[in-house]
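Coordinate analysis (summary)
Here's the letter readout for the chains.
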There are 2 protein chains.
Amino acid sequence: MSTTENLKLFYNRLSELYRLRCISALLDWDHQVYMPSGAAQARADQQEYFSITIHNKTVDPEFLRAVDELNDVRDSLELADQVNVREIKRQVDIERKLPEEFTAEFSQTSSLSYSAWVKARPENDFKAVQPYLEKLVRLNRRFCDLVGYEEHPYDALLDQHDPGLKTSVVKPLLTGLGEDLRRIIPQIAEKFEGLGELSGHFTQGSQHELCKKVAADLGFSFEIGRLDTTAHPFMTTLGPRDFRITTRYFEDNFLRALYGTIHESGHALYEMGLPTEYAGTPMGEAISSSIHESQSRIWENPVGRSREFCSYLSKLLPDYFHEEAKALDPEMLWRYANRVEPSLIRIEADEVTYCQHIVIRMLLEEPLVTGDLSVSDLPAAWNEHYEKYLGIRPPDMKDGVMQDVHWYGGSLGYFPSYALGNLYNAMMMEAAHASIPGLSTQIERGDFTSMLGWLRENVHRHGMRYRGPELIKNITGKELSAKAFVEYLKVKFLG
Amino acid sequence: MSTTENLKLFYNRLSELYRLRCISALLDWDHQVYMPSGAAQARADQQEYFSITIHNKTVDPEFLRAVDELNDVRDSLELADQVNVREIKRQVDIERKLPEEFTAEFSQTSSLSYSAWVKARPENDFKAVQPYLEKLVRLNRRFCDLVGYEEHPYDALLDQHDPGLKTSVVKPLLTGLGEDLRRIIPQIAEKFEGLGELSGHFTQGSQHELCKKVAADLGFSFEIGRLDTTAHPFMTTLGPRDFRITTRYFEDNFLRALYGTIHESGHALYEMGLPTEYAGTPMGEAISSSIHESQSRIWENPVGRSREFCSYLSKLLPDYFHEEAKALDPEMLWRYANRVEPSLIRIEADEVTYCQHIVIRMLLEEPLVTGDLSVSDLPAAWNEHYEKYLGIRPPDMKDGVMQDVHWYGGSLGYFPSYALGNLYNAMMMEAAHASIPGLSTQIERGDFTSMLGWLRENVHRHGMRYRGPELIKNITGKELSAKAFVEYLKVKFLG
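Not measured: the values here are computed from a predicted model. Starting from 1, residues in each chain are numbered consecutively following that chain's sequence as written. Each chain takes a letter, starting from A, and each ligand takes a number, starting from 1, following the order in which they are written. Restriction of local features to residues with pLDDT of at least 70 applies here, the model being predicted, together with a cutoff of 80 or more for giving and counting side-chain atom pairs; totals for whole chains, interfaces and linings are based on all residues.

With respect to the interface of chain B and chain A
A pair of residues counts as a contact when their C-beta atoms, built from backbone coordinates, are within 7 Å of each other. Across the contact, 27 residues belong to chain B and 27 residues belong to chain A. Helix numbering and strand numbering both begin at the N terminus, where a helix is a DSSP run of H or I of at least 4 residues and a strand a DSSP run of E of at least 2. Taken together, the elements giving at least two residues each to the side of chain B that touches chain A come down to helix 1 (3-33), helix 2 (40-58), strand 1 (225-229) and strand 2 (235-239) of chain B. Counting residues per element, the side of chain B that touches chain A draws most heavily on helix 1 of chain B, at six residues. Gly falls in the polar group here, along with every residue not listed as nonpolar (Ala, Val, Leu, Ile, Met, Phe, Trp, Tyr, Cys, Pro) or charged (Asp, Glu, Lys, Arg). Counted by class, the side of chain B that touches chain A contains 14 nonpolar, five polar and eight charged residues.

Describing the sheet that holds strand 2 (residues 235-239) of chain A
The pairing of strands in a sheet happens through backbone hydrogen bonds and is either parallel or antiparallel. Residue and element names in this part refer to chain A. Criterion used throughout: strands pair if DSSP finds at least two bridges between them. Ordered by their spatial adjacency, three strands build an open sheet running 1-3-2, and the pairing between neighbours is mixed. Taken across any chain shown, the strands that pair with only one partner, and hence form the sheet edges, are strand 1 (225-229) and strand 2. On average, each strand axis in the sheet is inclined to that of its neighbour by 25 degrees, with strand direction left out of account. Where strand 2 meets strand 3 (residues 242-247), four bridges bridge the pair, whose relative direction is antiparallel. Note that in strand 3 the partner of Thr 236 across the bridge is Arg 244. Throughout, an axis means a line fitted to C-alpha atoms (over the contacting stretch in the case of helices), and angles, computed between N-to-C directions, take values from 0 to 180 degrees.

Focus: the nonpolar core
Counting 242 residues, the largest nonpolar core has Val359(A), Ala419(A), Leu423(A), Val359(B), Ala419(B) and Leu423(B) as the members making the most contacts within it. Here the element with the most residues in this core is helix 18 (residues 415-435) of chain B; it accounts for eleven residues. In this structure Leu423(B) touches Leu480(B), Ala482(B) and Phe485(B), once residues within four positions along its chain are discounted. Nonpolar cores are identified as sets of buried Ala, Val, Leu, Ile, Met, Phe, Trp, Tyr and Cys residues joined via C-beta atoms within 7 Å. The exposure label follows from counting other C-beta atoms within 10 Å of a residue's C-beta, where the C-beta atoms are placed from the backbone and the thresholds are 20 or more for buried and 12 or fewer for exposed, leaving partly exposed in between.

A few points about the relation of the copies chain B and chain A
The operation relating chain B to chain A is a screw motion whose rotation component is 180 degrees, with 0.0 Å of axial translation and a residual RMSD of 0.0 Å. Expressed as a symmetry operation, the mapping of one chain copy onto the other fits a two-fold axis. Of all interface residues in chain B, 100% are interface residues in chain A too; the two copies therefore contact each other through one and the same surface. Here the copies are matched by least squares. The fit uses the C-alpha atoms of residues with pLDDT of at least 70 in both.

A closer look at the environment of Cys144(A)
Residues and elements named next belong to chain A. Following the sequence through the fold, Cys 144 ends up in helix 6 (residues 126-147). The sequence separation of Cys 144 and Asp 155 amounts to eleven residues, and the corresponding C-alpha distance is 8.0 Å. The contact partners of Cys 144, leaving out residues within four places of it in the chain, are Tyr 149, Pro 153, Ala 156, Leu 157 and Val 369.

Describing helix 17 (residues 416-435) of chain A
In this analysis, the expected span of each helix is defined as 1.5 Å times one less than the number of residues it contains. A rise of 1.5 Å per residue sets the reference length of helix 17 of chain A, with its 20 residues, at 28 Å; its end C-alpha atoms lie 29 Å apart and thus fit the reference within 8%. In terms of burial, helix 17 of chain A is largely enclosed, as 15 of its 20 residues are buried.

Observations regarding the environment of Asp319(A)
Residue and element names in this part refer to chain A. Here Asp 319 lies in the loop between helix 12 (307-316) and helix 13 (330-338). The exposure class assigned to Asp 319 is exposed, which follows from the 12 C-beta atoms found within 10 Å. Counting along the chain gives 146 residues from Asp 319 to Arg 465, while the straight-line C-alpha distance between them is 43 Å.

Quick look at the domain arrangement of chain A
All names here are of chain A. Where a domain begins and ends is set by an automatic assignment or by a domain database. We note that the domain assignment places domain 1 (3-97) and domain 2 (134-495) within chain A. For domain 1 versus domain 2, the separation of C-alpha centres amounts to 28 Å. Every contact between the two is made by 18 residues of domain 1 and, on the other side, 20 residues of domain 2. For the side of domain 1 that touches domain 2, the secondary-structure elements that each account for two or more residues are helix 1 (3-33) and helix 4 (79-97). Among the elements that make up the side of domain 1 that touches domain 2, the one with the highest residue count is helix 1 (ten residues).

Following this line, the structure appears as structure tokens:
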């Protein structure tokens, strides 16, 4: 077929797959947000039907042939087509290396393991999940061997979430970060000693209104988006103009819902800023999990936990919590929003200690994959690492090695994205401050237009054109490193 | 192929189509309940993609061949298979008689006409919709000719919503009903003269809780269902264990949301009571729009607007509206819930005058289809019929001939179902009272178990096994008529 015909076939199929993925995302959103519990089995069937349909349409020989032929002439294509063909080729090459029986076994084992984990976690019963985890580690290793890798088997897993990411890059980067953080955490934590709890009652209704107000101020459009309530906050895209975020409310502390909302808004602002003319193709998609996480964290932390933001927030509060707001001047708000303290649970960790949770996980999953660490030794290794990197020891499994769903759902290699997101956002924020004069003053008066405009210009509009490290080099002229992040923490907390 | 192989192919396809229909229903539910407005275009594309997929899988030659071959040996099949083959044969025979260009033109015209109506209605601009309506009437007439009919073209339209229903049956039935109602409406309306409005402020939150309580008492299970808020209340099924209803709230009158909820709960109780072992096949589906409407109305009116129900309700109210409840003894509640008064708007009409709105519409759409009434003469004919059947004349188009979406969305032949539902439910209620001793006392104490059990036994569990008139004859020994309904109204309101 001619290149023109191949491109037509290629884009028609991408557009169909995009439509199917959006519908599948709606099935999942509804599942998490509103679906009655009794509908779980039928919804699982609907989701499975969709997965199979999407898979079949992806590995359809006619489509694969077009992808291969286009890839052979890639250099002669327009820029956007080059990027799209490169990324889709990468994705389908993985997809076709996986035998059907492998995909089926992986999916079934993950599902059984997940159910076992849901039951075993509250009972601190690691033994109950151990055989599943052992099987999932073996399946992940088999995945690496099937897909292939140049240097290290763990690379095959990293690459899933962050195309091109290598163990040889991420391991020294994160272990170095871990050492830096070990040095500064005690000094920073000391500054928050004696800080009490927020006082007052913050009704869910008022919190919801405040969250919507702040999200809208940041640039989240409610004409093409929604904010709902779920146990586990998330962001999902249901179409080129349909972005949904969720949060959860605690009536004794409005900051949890608020910062959760800011985090998810950051993810949504990235998706809203991707070029719609390329919707459904890699040129209209996020680069990687790490860059996605940089976009949520940049709003949550360097922007949202700054003194200037707390000043903006303190002016809003009286409209939502009349009585409680009286005790919350910008300085107190800043302290409550920034409290640094080593703790057991990753998702509740502060800006400074957060990355240690990731360093620990990376240092455990890499040897799990190579076979240097056995699953039976994992709980002890977990506790030792917490002792070393955070100076605390989990009293049980539930808040220790069993706290995150990732491994028990079959996912290894995702965690590093969370830390890389922080490194990226610190480098970006440094560059944003350098190129937007008066950014801090704008943030203080609740004007986030320049900040969002800068991210759109430098990050969002490129889709998958660049890999993460290439993008950050274009923006800052520097290689990805932990330097800006550690420096930012030192300046912010140690003056 | 052998019958066994054909049955396998037949049921596999029905199961796939069911899954697709459920997902399509979710797309629609989300559209009406939560979707941000900016997502409309992409959602329309997703819906169109689904319609095409469903259509293609329905008219797939291999499937049609199996249906035809099974239909040839229908008498030799098991009972459930017989019913399923009969109904699917009926549906696909219609589907394959419609050329693709016809379906496309119909769909496009309906969509344009709907948009024109949305804009023209508030402006009372019938001229703006007239050309669309003329085209839709012609397309509906062409539909009748393509699909075919034995006696009357309007039969082809009626049959869409109520399989087997004939103009020769429905027209005398409803015109007779119209005459009966003309005689009793003035006498009944007189009894409500001077009744004021409810007083008090009924917060949406408390109304929502009350609606959930009443729906649960009726038998609606929130483990497999939800109640949400929309401008236009509806009920939809998203899977074998996923039933969603919606209502809307007015803070000056809680009865509107409550009776809306009871109505939609009635629809949901029917769907919840269909045999799950046949889910996705006609044996697990509702008989017709009329029978569906009988199930919503039986709870809303003969049960929900009875003196006994008002007594049950008056005992609940203090928990939801402490102050307001003081003025609402069972008798006052009954009067507010039953106020009879000729009015312009069908969806706001009371139990007695409601059917007149339907009689009028049927008497207009039948000659529209035959060509005996032109669209340009429709507004005048509308007003004359309102004068004759309800003694009032619409002051404008918006609350007159332009009030309902049906015609402007291309749907003719649906309206009669609404009236037939009332006739069916009156006959059913008579039979239920005869076979459940103490039913009124049970309702008074909020125990609806026997009532629901009786409907499940006599209506729900049969799926599409019988046609509506056959079902009612099995239950009551009588032919479908307006007698029970008119008698019920006379006893209730004129003593």
